[in-house]
2 protein chains.
Amino acid sequence: MREIPKAVAERIIRNAGNKSVRVSDGAVVKMAEWLEKVGTEISKDAIDMAEHAGRKTVKETDIEWVTEHSFTMVKR
Amino acid sequence: MREIPKAVAERIIRNAGNKSVRVSDGAVVKMAEWLEKVGTEISKDAIDMAEHAGRKTVKETDIEWVTEHSFTMVKR
């Protein structure tokens with residue numbers, strides 16, 4: 001774990017708002033951890049898909065398929 | 001856009017599998033773009049929540065609330 005640098009997670013949050021937005025360290029850590037967690041879940045499924053297709057290489061279409069059909073973001 | 005380095009996205013995919021996994025460049029780019037897209041959506045909601053609460057600072061609980069209640073990952 002801890003692959004996503006805090007500076008990266010902080011910029012993603014800041015870029016989503018205006019210049020006056022302040023971001024706590026806890027929020028930055030939470031965002032980095034969450035992104036890594038869902039990225040890992042998607043990757044597991046994408047690797048399974050590639051293996052199922054008899055490939056050793058994970059392709060763009062594997063990631064695409066998983067994020068669009070298998071493990072998706074839902075706005076409630 | 002393009003806040004998440006390709007090396008970071010690639011490690012997230014690799015860490016999810018075993019050593020023999022190969023990852024195409026397209027898969028890495030797709031993962032980086034997708035993570036940034038959902039991270040941005042979550043950030044927008046978290047910023048709205050902080051503002052709604054009369055705060056200028058986005059806190060850990062804002063990110064937590066959005067990822068758990070508002071904008072969540074669903075395994076189909």
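Residues numbered from 1 in each chain as written. Chains lettered and ligands numbered in written order. Predicted model: local features only at pLDDT ≥ 70, side-chain atom pairs only at ≥ 80, totals over all residues. Heavy atoms only, no water.

Draft legend 1. Region of the structure containing the packing of helix H2 (residues 25-52) of chain A against helix H2 (residues 25-52) of chain B. At a minimum axis separation of 10 Å, H2(A) and H2(B) run at an interaxial angle of 135°. Overall, the two elements H2(A) and H2(B) adopt an arrangement that is oblique. Note on packing geometry: the crossing formed by H2(A) with H2(B) is right-handed. For the pair H2(A) and H2(B), contact is made by A:Met31, A:Trp34, A:Leu35, A:Val38, A:Gly39, A:Ile42 and A:Ser43 and by B:Met31, B:Trp34, B:Leu35, B:Val38, B:Gly39, B:Ile42 and B:Ser43, respectively. (Axes fitted to C-alpha atoms, helices over the stretch in contact; angles between N-to-C directions. Helix = DSSP H or I, 4+ residues; strand = E, 2+ residues; numbered from the N terminus. Parallel < 35°, antiparallel > 145°, perpendicular 65-115°, else oblique. Left-handed = near helix turned anticlockwise from the far one by under 90°. Contact = heavy atoms within 4.5 Å.)

Draft legend 2. View of the interface of chain A and chain B. Tallying the contact residues gives 46 residues for chain A and 46 residues for chain B. With both chains or domains summed, chain A and chain B bury close to 4500 Å², and 65% of this area falls on carbon and sulfur atoms. By the criterion of area lost to chain B, the three top residues of chain A are A:Glu3, A:Lys30 and A:Met73, representing 14% of everything that side buries. At the boundary of chain A and chain B, one finds four salt bridges. When the shortest N-O distance is used, the salt bridge between A:Glu3 and B:Arg11 registers 2.5 Å. Our enumeration of links across chain A and chain B arrives at 12 residue pairs in polar contact (both at pLDDT 80 or more). When residues of the side of chain A that touches chain B are traced back to their parent elements, those giving at least two are helix H1 (6-15), strand E1 (22-23), H2, strand E2 (57-58), helix H3 (60-70) and strand E3 (71-75) of chain A. No other element matches the 15 residues that H2(A) contributes to the side of chain A that touches chain B. Of the strand pairs in this sheet, E3(A) and strand E3 (residues 71-75) of chain B are connected by five bridges, and their pairing is antiparallel. (Buried area = accessible area lost by both parts, 1.4 Å probe. Salt bridge = Lys/Arg side-chain N within 4 Å of Asp/Glu carboxyl O. Polar contact = N/O pair within 3.5 Å; in protein donor to acceptor, adjacent residues only side chain to side chain. Pairing = 2+ DSSP bridges.)

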